[in-house]
Amino acid sequence: MVLNYIWVSFFLVAFVVALVKLVVTGDMDVFPAMMDATFAQSKTAFEISLGLTGVLSLWLGVMKIGERGGLVNALARWLSPVFTRLFPQIPKGHPVTGSIFMNLSANMLGLDNAATPMGLKAMEQLQELNTKKDTASNSMIMFMVLNTSGLTLIPVSILVYRAQMGAAQPTDVFIPILLATFFSTLAGIVVTSFFQRINLLNRTLLLALGGMCVLVAAAMWGFSRLDSVLMNQVSVSVANILLMTIIVGFILAGMRRRVNVYDAFIEGAKDGFQTAVRIIPYLVAILVGIGVFRASGAMDYLVDAIRWLVEAVGLNSDFVGALPTALMKPLSGSGARGMMVDAMTTYGADSFVGRLSCIFQGSTDTTFYILAVYFGSVGVRYTRHAVTCGLLADLAGIIAAIFIAMLFFG
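Nothing here was measured: the structure is a model prediction, and the numbers come from that model. (Residues numbered from 1 in each chain as written. Predicted model: local features only at pLDDT ≥ 70, side-chain atom pairs only at ≥ 80, totals over all residues. Heavy atoms only, no water.)

**A word on unusual backbone geometry**
- Located in the positive-phi region is R197, a residue other than glycine, with phi close to 55°.
- Tracing the chain through its elements places R197 in the loop between α8 (174–196) and α9 (203–224).
- For R197, a relative accessible area of 80% puts it in the exposed group.
- Its identity as a non-glycine residue notwithstanding, R258 has a phi of 60°, on the positive side.
- Residue placement: R258 occurs in the loop between α10 (228–256) and α11 (261–278). (Helix = DSSP H or I, 4+ residues; strand = E, 2+ residues; numbered from the N terminus. Buried < 20%, exposed > 50% of the residue type's maximum accessible area, 1.4 Å probe, protein only.)

Here's what the structure looks like:
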């Protein structure tokens with residue numbers, strides 16, 4: 001229901017803004033631009049789904065081998081002490097635990113192509129446990145918020161963009177991004193636990209969250225000692241080695257269990273194709289709404305209004321120039337990436353705004369895109385508190401990014 005209101009608001013706000021621009025300024029191009037955006041975004045949504053088909057088929061095929069080989073179940077049993085508290089609706093040792101862990105691990109390493117299929121597989125398994133098929137369960141919402149909070153240990157693409165834009169030290173935003181995305185994830189867990197009345201003050205969860213803090217600190221320390229070229233080489237190598245190890249490990253586990261790994265792969269790959277087709281309408285809906293909102297100029301007016309408010313209360317408005325990236329990130333990953341590049345082009349890659357836009361880009365994920373794809377793939381219509389928790393996690397990441405950027409570069 002919340003997603004319905006937001007989607008309708010995109011169109012109504014965009015239409016009003018465009019009408020005002022036409023009447024007041026005589027801008028005759030605004031409505032054609034909005035219509036062009038609807039066609040362009042519809043095409044983009046189909047191309048995204050088409051592009052996902054091969055990747056989904058590959059990784060869901062690999063996951064099916066992992067299930068038949070017993071590795072996913074083994075991983076689920078190992079993680080049960082933590083996940084039974086964070087996801088109390090999931091039975092102890094259920095295979096979905098392993099799928100969730102693999103999805104989150106892929107996200108942490110910036111492996112988007114692997115993370116999405118694993119996430120969709122996890123969402124399908126959560127739907128099997130869901131008693132109300134058209135309504136998001138607590139476990140689904142917690143899983144989605146963990147995805148939208150965007151915890152990433154290796155933001156390779158952002159560092160590459162900074163290098164291309166001529167940054168003197170492309171890796172100088174690495175530690176700030178890690179800190180901002182960590183606070184976003186932690187806030188998402190806390191807020192969702194509050195809604196779902198999950199007690200975080202128990203020994204197991206405190207040890208798990210503490211271990212995550214240590215892991216983030218260790219990664220920050222290790223990568224901060226590398227130069228930009230070596231950091232990129234190490235991160236890319238780790239990602240590729242991990243992916244190939246997963247594929248080969250699953251195949252070997254299947255062979256050990258005398259599984260016909262080829263047939264298992266084909267069975268999983270068929271599910272991947274069907275999933276890619278199912279998400280097309282949901283992607284078209286959300287991307288068209290976002291495209292119309294942007295084309296109308298509503299995003300520009302929103303940023304100008306925020307700048308006026310910040311300056312009216314006497315605060316430093318230097319960060320406002322980077323806000324388009326932060327405001328676009330929950331709506332569109334490619335849109336936010338474009339805003340980040342535009343900020344570095346306009347203000348300079350080593351400017352405060354240029355660096356902050358990169359931190360915004362890495363601090364959270366595309367909330368509405370993930371919500372539309374993940375829930376749409378299993379036919380969930382009523383998202384309950386998912387949007388609220390996801391956006392609060394995004395807000396925490398944005399606020400943390402501003403303060404961290406001021407601390408490091410202000």
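**Observations concerning the side chain of K64**
- Note on placement: K64 falls in helix α2 (residues 30–69).
- Taking relative accessible area as the criterion, K64 reaches 11% and is therefore assigned buried.
- The residues touching K64, leaving out its near neighbours within four places in the chain, are K121, A264, E267, G268 and D271. (Contact = heavy atoms within 4.5 Å.)

**Quick notes on the packing of aromatic side chains**
- A full pass over the atoms with the stated rule returns 7 aromatic pairs.
- Both rings, one in F10 and one in F293, keep their centres 5.5 Å apart while their planes meet at 55°; by these two values the pair is tilted. Of the two residues, F10 sits in helix α1 (residues 2–25) while F293 sits in helix α12 (residues 280–295), which places them 283 residues apart along the sequence. Taken as a pair, F10 and F293 share a single burial class, namely buried.
- An aromatic cluster is defined as three or more aromatic residues linked by ring pairs; in this entry it consists of F10, F293 and F368. (Phe/Tyr/Trp six-rings, centres within 6.5 Å; stacked < 30°, edge-to-face > 60°.)

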